[in-house]
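Remarks on the overall topology
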Protein chains: 2
Amino acid sequence: MSAPHPAAGRPEKRRAITGAARRVFGNEGYVRAGVDAIAAEAGVSKRTIYNHFRDKEDLFLSVALEGAHEVTETIARLLDRHLRKIVDVADDLTAFALERVAAVAEFPEHFALVRTIEAEAARIPPAVLEEWIKAGPQTAHLRLAPYLARMADDGLLTPEDPERAADHFNLLTVVNVNQRTFYGAIPLPPEQVTELVTDGVRTFLRLYGR
Amino acid sequence: MSAPHPAAGRPEKRRAITGAARRVFGNEGYVRAGVDAIAAEAGVSKRTIYNHFRDKEDLFLSVALEGAHEVTETIARLLDRHLRKIVDVADDLTAFALERVAAVAEFPEHFALVRTIEAEAARIPPAVLEEWIKAGPQTAHLRLAPYLARMADDGLLTPEDPERAADHFNLLTVVNVNQRTFYGAIPLPPEQVTELVTDGVRTFLRLYGR
DNA sequence: TCAAGTGTGGACTCTACAGTTCAACGCTTG
DNA sequence: CAAGCGTTGAACTGTAGAGTCCACACTTGA
């Protein structure tokens, strides 16, 4: 899908290119970013890039998809770490939410890409866009639901539609912060982030606690 | 601020330009949009554009600010229409939220601009960005608070920090829908929007109802 | 060690676009 | 009704960037 030449290119070069592309696309946006600049940043010639990727769009979407998978995995690890075994519902949810929010700041180039994708949404081939949504935001979001379902089974939360509960959790914590910081582009003071997130969890528990 | 030549240009031409700019910037994004295309769309020469605006960036930011004021006013009217006199809390809040969400769909070019601004946030002069945030999203958001405060005074809602309540209301209704549709770029079936919004209001009232 | 084949690099083409120049037009004002 | 000036439009300039071409070098297999 992203590699028209199945065996083309040395893997190390490919990774240098995708890394550079993530940085340059992240800093400049899709149109502003020059393939020349990406090549320079990767320490590679432009021709090499066109050996690995069909064109600029293919490169961009490949990088975006790769980043989406990476972030989704990171979030899956956070879920497992904080919500596999519950000690204290409020504490564990808060710790998870805080790290979940911090994860956005840990992948600044990727989330700059996310903003570019959102801006270009109407111009991205629908099938590709859908693939990206499924690999990234949708999955990251839906994976919370089973953990909440389990917590409800264990009597830690009131039993309700876990997907809707996950929705509300995300809105009250991550989405709230992302909305204000433009996915980390204009950061907020850390203590304000902490306050927003802990308040979000508190509100969530007012809905589903007990 | 946006007009370096205070008395320059005929108002009708200026409005033709800003209208065309809103459409072209909305459809193409900032970098892709050509000043030539905007001039053609406006039925005006490129030179005329540069008589009214310092450069492309000035034009873009002027249009964005203008649109922000327009949308903010529209929302203010919705607030007044639905929440000035409360008949039934749930019905009135739902009607407001539904129209509030529909307003996003009524200004498609403006919200395409909003997505562009979010994508370019890190590259926009901070002072200008802040001005835009204050004129648009922040004001549209904060103006809900006094209405909620009034409803609490009248015993229709549990009295709590009205700004936080407004925050939660917005997250559970508008932000939720915007998040899924990319501000209307990839629309959702109307009945699903209705369901999301009514559910959001129901959830809000579980937090603040009575 | 040598030859074949593949990936690589820098120079090249062609298009597109931001911003300017200058002559003519029309609106306002006396 | 006429003069003057601000506004307009089409052609022009310079630059930047996406994608290509061809010669070379390096890896791979005998």
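Computed from a prediction, not measured in an experiment: that's the story for all the values here.

**Digging into the overall build of chain A**
- Each helix and strand counted, chain A has 10 helices and zero strands in total.
- Dimensions along the principal axes, computed over C-alpha positions, put chain A at roughly 60 × 35 × 30 Å.
- By the burial criterion, 41% of the 210 residues in chain A qualify as buried.
- Long-range pairs, those at least 24 residues apart, make up 70% of the contacts in chain A between residues at least 6 apart in sequence.

**Some words on the UniProt feature "domain: HTH tetR-type" (unreviewed entry) in chain A**
- According to UniProt, the feature "domain: HTH tetR-type" (unreviewed entry) maps to residues 11-71 of chain A in the numbering used here.
- What you have in residues 11-71 of chain A is 80% helix and 0% strand, and the ends, taken at the C-alpha atoms, are 21 Å apart.

**Some thoughts on the relation of the copies chain A and chain B**
- Screw-axis analysis of chain A against chain B gives a translation of 0.0 Å along the axis, an RMSD of 0.1 Å, and a rotation angle of 180°. Taken together, the rotation and translation describe the operation of a two-fold axis.
- Of the interface residues in chain A, 100% have counterparts in chain B that sit at the interface too, so the contact is made through matching surfaces.

**Some details on the environment of Ala21 of chain B**
- Within the secondary structure, Ala21 of chain B is located in helix H1 (residues 11-28).
- In contact with Ala21 of chain B, other than residues within four places in its own chain, are Ile38, Leu59 and Val63 of chain B.

**Things to note about the UniProt feature "DNA-binding region" (unreviewed entry) in chain A**
- Within the UniProt annotation, "DNA-binding region" (unreviewed entry) is assigned to residues 34-53 of chain A.
- Counted over residues 34-53 of chain A, helix gives 75% and strand 0%. Its end C-alpha atoms are 15 Å apart.

**With respect to the packing of helix H4 (residues 56-83) of chain B against helix H6 (residues 108-120) of chain B**
Residue and element names in this part refer to chain B.
- At their nearest, the axes of H4 and H6 sit 10 Å apart, and the two run at 125° to each other. In terms of orientation, H4 lies oblique with respect to H6. Between H4 and H6 lies a crossing of left-handed hand. Contacts between H4 and H6 pair Val63, Ala64, Gly67 and Val71 from the former with His110, Leu113 and Ile117 from the latter.
- Its residues placed into classes, the contact of H4 with H6 shows five nonpolar, two polar and no charged.

**What about H6 of chain B?**
- End to end, H6 of chain B covers 18 Å across 13 residues, agreeing with the expected 18 Å (1.5 Å per residue, within 8%).
- Burial within H6 of chain B is extensive, with 11 of its 13 residues counted as buried.
- Summarising the contacts, the buried residues of H6 of chain B are in contact with helix H6 (108-120) of chain A together with H1, H4, helix H5 (89-106) and helix H7 (126-142) of chain B.

**Let's talk about the confidence of the model for chain A**
- Overall, the predicted model of chain A reaches an average pLDDT of 92, with 95% of residues at or above 70.
- Counting interchain partners and residues more than four positions distant, the pLDDT-below-50 stretch residues 1-7 of chain A has five contacts.

**Some thoughts on the packing of helix H9 (residues 162-181) of chain A against helix H9 (residues 162-181) of chain B**
- Two numbers describe how H9 of chain A lies on H9 of chain B: the axes approach to 11 Å, and their chain directions differ by 65°. Read as a crossing pair, H9 of chain A and H9 of chain B show a hand that is left-handed. For the pair H9 of chain A and H9 of chain B, contact is made by Leu171, Leu172, Val175, Asn176 and Gln179 of chain A and by Leu171, Leu172, Val175, Asn176 and Gln179 of chain B, respectively.

**Describing the interface of chain A and chain B**
- Across the contact, 22 residues belong to chain A and 22 residues belong to chain B.
- Listed by contribution, the elements that provide at least two residues to the side of chain A that touches chain B are H6, H9 and helix H10 (190-208) of chain A.
- Per element, the largest residue contribution to the side of chain A that touches chain B is six residues, and it comes from H9 of chain A.
- For the side of chain A that touches chain B, the class distribution of residues is 11 nonpolar, six polar and five charged.

**What about helix H10 (residues 190-208) of chain B?**
Residues and elements named next belong to chain B.
- A rise of 1.5 Å per residue sets the reference length of H10, with its 19 residues, at 27 Å; its end C-alpha atoms lie 27 Å apart and thus fit the reference within 8%.
- Listed in full, the buried residues belonging to H10 are Leu196, Val197, Gly200, Val201, Thr203, Phe204 and Tyr208. Along H10, the residues classed as buried sweep out an arc of 160° about the axis, all on the same side. Those residues of H10 that are exposed and angled more than 90 degrees off the buried face are Glu191 and Glu195.
- In the stretch just after H10, Arg210 is the one whose phi turns positive, near 100°.

**Observations concerning the environment of Phe25 of chain A**
Residues and elements named next belong to chain A.
- Tracing the backbone shows Phe25 in helix H1 (residues 11-28).
- Under the C-beta neighbour-count criterion, Phe25 is labelled buried, with 25 such atoms within 10 Å.
- A C-alpha to C-alpha distance of 9.7 Å links Phe25 and Ala64, two positions 39 residues apart in sequence.
- Ignoring any residue separated from it by four or fewer positions in sequence, one finds Phe25 in contact with Tyr30, Ala33, Phe60, Val63, Leu113 and Thr116.

**Thoughts on unusual backbone geometry**
- Backbone geometry at Tyr183 of chain A places phi at a positive 55°, although glycine is not the residue there.
- Checked against the element boundaries, Tyr183 of chain A lands in the loop between H9 and H10.
- Within the chain, Phe182 of chain B stands out as a residue other than glycine whose phi angle is a positive 55°.
- If you trace the backbone, Phe182 of chain B turns up in the loop between H9 and H10.

Cut-offs applied
- Positions within a chain are numbered from 1, following the residues in the order the chain's sequence is written.
- Lettering for chains starts from A, numbering for ligands starts from 1, and both go in the order in which the items are written.
- At least 70 in pLDDT is required for a residue's local features to be given in this predicted model, at least 80 for side-chain atom pairs to be given and counted, and no such filter applies to totals for whole chains, interfaces and linings, which use all residues.
- Put simply, DSSP H or I for four residues or longer makes a helix, DSSP E for two residues or longer makes a strand, and each gets a number counted from the N terminus.
- Labels follow a simple rule on C-beta atoms placed from the backbone: if 20 or more others lie within 10 Å of a residue's own, it is buried; if 12 or fewer, it is exposed; otherwise it is partly exposed.
- Residue pairs qualify as contacts under a 7 Å threshold applied to their C-beta atoms, which are placed from the backbone.
- UniProt positions are given in the numbering used here, feature names are shortened, and annotations may be inferred rather than shown by experiment.
- To superpose the copies, least squares is applied to the C-alpha atoms of every residue with a pLDDT of at least 70 in both.
- Fitted lines through C-alpha atoms give the axes, limited to the stretch in contact for helices. The angle between two N-to-C directions lies from 0 to 180 degrees.
- Angles are sorted into four bins: roughly parallel if under 35 degrees, roughly antiparallel if over 145, roughly perpendicular if 65 to 115, and oblique for all others.
- Here a crossing is taken to be left-handed if its near helix is turned anticlockwise relative to the far helix by less than a right angle, and right-handed if that turn runs clockwise.
- All amino acids are sorted into three groups, where Ala, Val, Leu, Ile, Met, Phe, Trp, Tyr, Cys and Pro are nonpolar, Asp, Glu, Lys and Arg are charged, and the leftover types, Gly among them, are polar.
- Expected span, for any helix, means 1.5 Å times one less than how many residues it has.
- Every residue is assigned a pLDDT by the predictor, reflecting its confidence on a scale from 0 to 100.
- Relevant arc is that of directions from the helix axis to the C-beta atoms, nothing else.

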